[in-house]
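# Architecture and fold: a report
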Amino acid sequence: MLKLLTIIICIAMSSPIQASYVITLGKNSQVVFPHKQHQKSLGGCTDCHGSNTPGPIAQIGEKWVHDTCKGCHMESKAGPIECHECHAQI
Ligand code: HEC
Ligand code: HEC
Ligand code: HEC
């Protein structure tokens with residue numbers, strides 16, 4: 001029991017920022033967002049978190065993700081643009 005608890009605590013402490021999020025909105029959307037990969041390749045936090053302390057994004061929602069996520073992918077010609085590339089079910 002103690003061993004199991006120790007393992008759980010170790011896992012929790014080694015990942016203060018999750019490697020990837022499943023961002024969900026509404027009933028149908030389950031989009032995987034590789035957070036850590038973006039942190040590395042974009043080399044910072046401001047593209048998505050602005051000048052705020054990085055954390056939950058207040059304005060997150062359909063409009064924000066499509067403008068921000070898809071917008072950057074189109075501009076940088078990298079990353080998914082087609083619906084089905086993000087939404088496995090569309
Ligand atoms: C490409 C976009 C993007 C970049 C770049 C980015 N994030 Fe995030 N981050 C997100 C999204 C989307 C969420 C989920 C927000 C929500 O659910 O409200 C998030 C959530 C978070 C959270 C809250 C959840 C948690 O695990 O505690 C933290 C902290 C965070 N980001 C830190 C960072 C840091 C630090 C950086 C820079 C090194 C960074 N982020 C770069 C998009 C990004
Ligand atoms: C770059 C990835 C990406 C692409 C490309 C994309 N979406 Fe999304 N979309 C998302 C994310 C992430 C959310 C969830 C937002 C949230 O949790 O706040 C979302 C939310 C939605 C929602 C609202 C959620 C729901 O289930 O009702 C709809 C509808 C939607 N997208 C349709 C589309 C359609 C149609 C296209 C193609 C024209 C498209 N999306 C392209 C990432 C994407
Ligand atoms: C400022 C630019 C930028 C923003 C904002 C951004 N991305 Fe990306 N994304 C990229 C780039 C560049 C790539 C290409 C792979 C790489 O360099 O990491 C990418 C790749 C991806 C991939 C494919 C990963 C793989 O391994 O093939 C997914 C999925 C993705 N992005 C989802 C999202 C979602 C969802 C959001 C919004 C929450 C988002 N991205 C916001 C720049 C961005």
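As the structure is a computational prediction, the values presented were derived from the model and not from experiment.

Surveying the vicinity of ligand 1 reveals 19 residues, the closest of which are H38, C45, C48, P54 and P56. Those elements that provide at least two residues to the shell around ligand 1 are strand 1 (21-25), helix 2 (35-42) and helix 3 (46-49). A class-by-class count of the residues in the shell around ligand 1 yields 11 nonpolar, 7 polar and 1 charged.

Bringing helix 4 (residues 62-76) into the picture now. Here helix 4 is 15 residues long and its end C-alpha atoms lie 21 Å apart, about the 21 Å a rise of 1.5 Å per residue gives. Among the 15 residues of helix 4, 1 are classified as buried, and the element is accordingly described as predominantly exposed. Phi for K77, located one or two positions after helix 4, is positive at around 50°.

Now for unusual backbone geometry. At K77, a residue that is not glycine, the phi angle is positive and equals roughly 50°. Inspection of the secondary structure assignment puts K77 in the loop between helix 4 and helix 5 (83-86). Given 7 C-beta atoms within 10 Å, K77 falls into the exposed group.

The next thing to look at is the confidence of the model for the protein. Chain-level statistics for the protein give a pLDDT mean of 79 and a share of 70% at 70 or above. Summarising per-element confidence for the protein, the mean pLDDT is lowest in helix 1 (residues 2-14) (50) and highest in helix 4 (95). Low pLDDT (under 50) marks residues 8-15, which in the prediction has 0 contacts with non-local residues, meaning those over four places away or in another chain.

Mapping P80 onto the fold places it in the loop between helix 4 and helix 5. Ignoring any residue separated from it by four or fewer positions in sequence, one finds P80 in contact with H73, E85 and C86.

Here we come to the environment of I57. With respect to the helices, strands and loops of the structure, I57 is situated in the loop between helix 3 and helix 4. On the basis of neighbour count, I57 is assigned to the partly exposed category, with 15 C-beta atoms found within 10 Å. Aside from chain neighbours lying at most four places away, what touches I57 is C48 and H49.

Basis of the calculations
- Residues numbered from 1 in each chain as written.
- Chains lettered and ligands numbered in written order.
- Predicted model: local features only at pLDDT ≥ 70, side-chain atom pairs only at ≥ 80, totals over all residues.
- Near = placed C-beta within 6 Å.
- Helix = DSSP H or I, 4+ residues; strand = E, 2+ residues; numbered from the N terminus.
- Nonpolar A, V, L, I, M, F, W, Y, C, P; charged D, E, K, R; others polar.
- Expected span 1.5 Å × (residues − 1).
- Buried ≥ 20, exposed ≤ 12 C-beta atoms within 10 Å, placed from the backbone.
- pLDDT = per-residue confidence, 0-100.
- Contact = placed C-beta atoms within 7 Å.

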